[in-house]
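# Analysis of the macromolecular model
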Amino acid sequence: MMERTTSSSGGQLPGHKQPTAIQLKSSAAQDNMQPSLIKLGRDILIMVFDLLQETSAGSLQAVASVSTEFYHLAEHSRHRHLTLDLEPSTIEASLNRLHHLEKQELLAAVRFLDVSNPGEFLFKHRECKNIDQHSECMNSISTLIPRMTGLRDVCWNFLPYRVGAVSIQITVLEALRFHHRVRLHAMVDTSFSPNYDGPYGQGRLKRDIECPSATDCLKATRRLKRILLSAPNIRSVSLNISRRRSHECECEYYGFGFEGDEKLPPLEELVVSEYPWGDESGLMLSSFSGGLRKTGYPGKGSEMDYWAESFDWSRLKRLETSYIALALRMMPKLTSLKEVNFSGSRSNDAILRFYQQCPAALEAIAAEGLQSITLDGLLKYSRSLRKLQLHTCESREGKWAETALDAASLRSIRDGCPLIEQLLVDVPRDGDWPWDVLNVLASFPRLRHLTLCFELGLHCKDDPVKPYVTFATADTLYTYLRSRSPKQPSILSHLHIYSGAPPPLKATGFLALEAYWPIHNSTEFICTLSKRDDEAARGVFHVECPKLPKGVLPSEDESLLGDDSDEDEKDAWQVAHQGPTPVSKWLARRRPTW
C-alpha cells in the first residue's frame, strides 16, 4: 500500500494536552490486480473498523498503525463511545477530549455519550482551583451535543445519595430537544421537576425511594408522577419505592395513583422491584405479604388492573419484577417481549402459567431455578432462547444444592435449546468438582459467556463447602471447560465464577459481626480469553478478581496489597488465594482486642 498526501490535520490521543500532528494521506493499492482493503471504500472500511472496535480493540489499534488514512478512519470507531468523568481529578482530561473531538471533526462519530459524576459542589466543597474547567466542560457538553449527529444514547450517571451530585441539567435537556432518536438514560432527582414541554429523544428513568413515613413517600412519588406524565418519550422505567422497615402497620397509600386518562408512555423496559400497589377496596398487594389494609388510593378498582389495561405494553421488550400478578395481567399485550426476570417471586404456579401462555418469542429468561419454570416451559422457547439464568440465593437450611442443576437437567436444556449463548447456573459440589456437570456445560454448541455460582455454606460456616474457589481453581476450571468442548478451539470466551450467593442483609437494628461473614468470605473471578487472535487460538486467557483492589495481580505475595490496606482488603486477598475462613477463626481475627 502506498500513500498520497492530500491534506493536513492534527491528531491527538484523548486526554493529552499537546496534540501530535499527523499528516493525513490518502492510500492507494500498490497493485490494482491484487486484493486490497483500500478498494473496499471509506464507508465499508468504517463498518469493518467499527466491528473491530467492538470485538477486538487491540486489533483496531494495530490496523490504525498501517497508514495515516487508516489511523484517521480508526479514530471514528474509537470515539463511538465517549466517556466523560467530571471528577476534579479528571475534569481536565475530559475537557481536553471534548476539544480534541471538536478540532478533529469527530463529533459526528459519537454514538454513546456517558457522563459520570456531574455536580460542581464537589469542586467547591474541596476548594478546587479548576472549578472554572467544570463550568466550561458542562457548557461544552450542551453546546456540542447538537453537532453529535450520530448520537444514539446519553447516559447521565447522577447518584442522588452522593454529596453534591445533581441530576441532568436543563441546558442538556434543551440540547437533546430535537435529537428524536437519542435515548436518555438518567436517574431523576424527585426534587428536580422541570417543565417537559417538548420532545427530548427517548429516555430512561430509574428511581429508588425509601422514606420514613408514607407522607414523605407520597411527596416524592407525586413529583415523580409529574415527570412521568410530562415526558412522552421515556422508554425505560425502573422503580423501587417503599417505606423504611419498621414495626408500624403500613396502612396509608403512597404510590402514583394514576386515574382517569393518566398513563405512562409506551415503554420498552419496565423494572418494578418494590411498589405500594393500591386497591379501591383498601387492600394493598405486596410481594412479601398476603395483604395489608390501605387507605388513600384515589383510583377505581385495582391499581394493577389499571396499569395492565390502561397502558400500552405492545412495545415492551424487557420486564423485571417480583409481582407476578402484574405480569399475568399484562401478558396478553406483551407481543414484543424479549426478556423476562421474575427473580424474587415465590409463585411458581403463576410463573409457569405466564411462560406457558406468553404470546412473545422470549430470548432471555431469568428464574430462581428450573423448578419455577420447568423444562417444558423452557422448551417452548427453544427456537428463540439465547440467554438463560437459573439462580437462587443460598439458604441457611442447607437446601441450596437441592435446587441446583444436575447433569441430566443440563443435558436436556442443551439439547432442547441449542441457541443459548449466555448461561448462568448454580452448580453443586461436595468434596470434589462436579465433573459430569462441567462436561455437559462444555458441550453447549453456541455458549460464549458462562457464569457458575458455587455454594459458600451458610449452614456450615465452620466448615465451608469444598473444594474452595480460588485463583488457582478458577484457572483449572476454565482450562478444563475449554479443553472438553467438542469444537476446538472452544468459543467459550468468558467465564465468571462466584463463590457464595448469600441473601441480602435485612434488619432494622444493629447486626452481630457474624452476620457479615458471608459477605467477607464470598468472592468471584472473571476468566477472559485473550483478544489477540493468535493468543486466543492457543487458549491464552487472564484471570481477575473484582473484589481485590485495582492493580493487584493474581500473585501469592500479600505485600502487593500495600501497607495501608484495611481488613476488608486483607480478607478479600485471603479468600481469593486460600478460600473462605471458618467463622470462628474469622471472628477471632476481626473482633477488637480490647
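Procedures and definitions
Residues numbered from 1 in each chain as written. Predicted model: local features only at pLDDT ≥ 70, side-chain atom pairs only at ≥ 80, totals over all residues. Heavy atoms only, no water. Helix = DSSP H or I, 4+ residues; strand = E, 2+ residues; numbered from the N terminus. Buried < 20%, exposed > 50% of the residue type's maximum accessible area, 1.4 Å probe, protein only. Contact = heavy atoms within 4.5 Å. Areas by Shrake-Rupley, 256 points an atom, 1.4 Å probe, with all protein chains shown as cover. Salt bridge = Lys/Arg side-chain N within 4 Å of Asp/Glu carboxyl O. Expected span 1.5 Å × (residues − 1). Core = buried A, V, L, I, M, F, W, Y, C linked by side-chain atoms within 4.5 Å. Axes fitted to C-alpha atoms, helices over the stretch in contact; angles between N-to-C directions. Parallel < 35°, antiparallel > 145°, perpendicular 65-115°, else oblique. Left-handed = near helix turned anticlockwise from the far one by under 90°. Phe/Tyr/Trp six-rings, centres within 6.5 Å; stacked < 30°, edge-to-face > 60°. Nonpolar A, V, L, I, M, F, W, Y, C, P; charged D, E, K, R; others polar. pLDDT = per-residue confidence, 0-100. Polar contact = N/O pair within 3.5 Å; in protein donor to acceptor, adjacent residues only side chain to side chain.

## Overview of the overall build of the chain
Counting its regular elements, the chain contains 20 helices and 22 strands. Here the chain, with 594 residues, has 49% of them falling under the buried criterion. At a minimum sequence separation of 6, the contacts of the chain that also span at least 24 residues come to 65%. Carbon and sulfur atoms form 50% of the exposed surface of the chain, whose accessible area is close to 29,000 Å².

## A word on the pattern of salt bridges
Under the counting rule described, the total for this entry stands at twelve salt bridges. As a salt-bridge pair, Asp50 and Arg80 come within 3.0 Å of each other at their nearest N and O atoms. In this pair, Asp50 is assigned in helix α1 (residues 42-55) and Arg80 in the loop between α3 (68-78) and β5 (81-85), connecting sequence segments 30 residues apart. Both residues of the pair, Asp50 and Arg80, belong to the buried class.

## Brief notes about helix α4 (residues 91-103)
Counted at 1.5 Å a residue, the expected span for α4 with its 13 residues is 18 Å, and the 18 Å between its end C-alpha atoms agrees. If you check which residues of α4 are buried, you get Ile91, Ser94, Leu95, Asn96, Arg97, Leu98, His100 and Leu101. Glu105 occupies a position one or two residues after α4 and carries a positive phi of about 55°.

## Side note on the nonpolar core
If you look at the biggest cluster of nonpolar residues, it comprises 94 residues, and the most contacted ones within it are Trp307, Leu337, Phe354, Tyr355, Leu441 and Leu452. Ignoring anything within four residues of it in the chain, the contact list for Leu452 reads Val425, Val427, Leu438, Leu441, Leu481, Leu495, His496, Ile497 and Tyr498. One finds Val110, Ile141, Ile145 and Trp156 within the second-largest nonpolar core, a separate group that totals 27 residues.

## Examining the packing of α1 against α3
Packing of α1 against α3 leaves a shortest axis separation of 9 Å and a crossing angle of 55°. For the element pair α1 / α3, the angle class is oblique. Where α1 crosses over α3, the handedness of that crossing is right-handed. Within the contact between the two elements, α1 uses Arg42, Leu45, Ile46, Phe49, Asp50 and Gln53 and α3 uses Phe70, Leu73, Ala74, His76, Ser77 and Arg78.

## Side note on the packing of aromatic side chains
By the definition in use, this model includes 21 aromatic pairs. Measuring from ring centre to ring centre gives 5.0 Å for Phe342 and Phe354, while their planes differ by 85°; the resulting arrangement is edge-to-face. Placement of the pair is Phe342 in the loop between β15 (339-341) and α11 (348-357) and Phe354 in helix α11, with a sequence separation of twelve residues. Phe342 sits in the buried class, given a relative accessible area of 2%. Centroid distance Tyr478 to Phe541: 4.6 Å. Interplanar angle 85°. Geometry classified as edge-to-face. Highlighted residues: Tyr478 in helix α16 (residues 471-483) and Phe541 in strand β22 (residues 541-544), separated in sequence by 63 residues. Members of the aromatic cluster, joined through ring pairs, are Phe256, Phe258, Tyr275, Trp277, Tyr306, Trp307, Phe311, Trp313 and Tyr323.

## Description of the packing of helix α15 (residues 435-442) against α16
Viewed as axis vectors pointing N to C, α15 and α16 meet at an angle of 55°, and their least axial separation amounts to 8 Å. In terms of their interaxial angle, α15 and α16 are classed as oblique. At the point where α15 passes α16, the crossing takes the right-handed sense. Contacts between α15 and α16 involve Trp435, Leu438, Asn439, Leu441 and Ala442 from the first element and Leu477, Tyr480 and Leu481 from the second. For the contact of α15 with α16, a count of residues per class yields seven nonpolar, one polar and no charged.

## Considering the confidence of the model for the chain
On average, residues of the chain carry a pLDDT of 79, and 77% of them reach 70 or more. Below a pLDDT of 50 lies the segment residues 286-293, which in the model reaches 15 contacts outside its immediate sequence neighbourhood of four places, other chains included.

## Topic: unusual backbone geometry
Of note, the amide linkage connecting Lys466 to Pro467 takes the cis form, showing an omega dihedral of 0°. Following Gln488, the chain continues to Pro489 via a peptide bond in cis, the omega torsion being -5°. In this structure, Pro489 sits in the loop between α16 and β20 (494-499). Even without being a glycine, Thr374 presents a positive backbone phi close to 70°. Among the residues examined, Thr374 registers a relative accessible area of 26% and is labelled partly exposed.

## Looking at the side chain of Ser443
Position of Ser443 relative to the elements: it lies in the loop between α15 and β19 (449-454). A relative accessible area of 17% places Ser443 in the buried class. A distance of 2.7 Å separates the side chain of Ser443 from the side chain of Arg414, its partner in a polar contact. Only 2.6 Å separates the side chain of Ser443 from the backbone oxygen of Val440, close enough to count as a polar contact.

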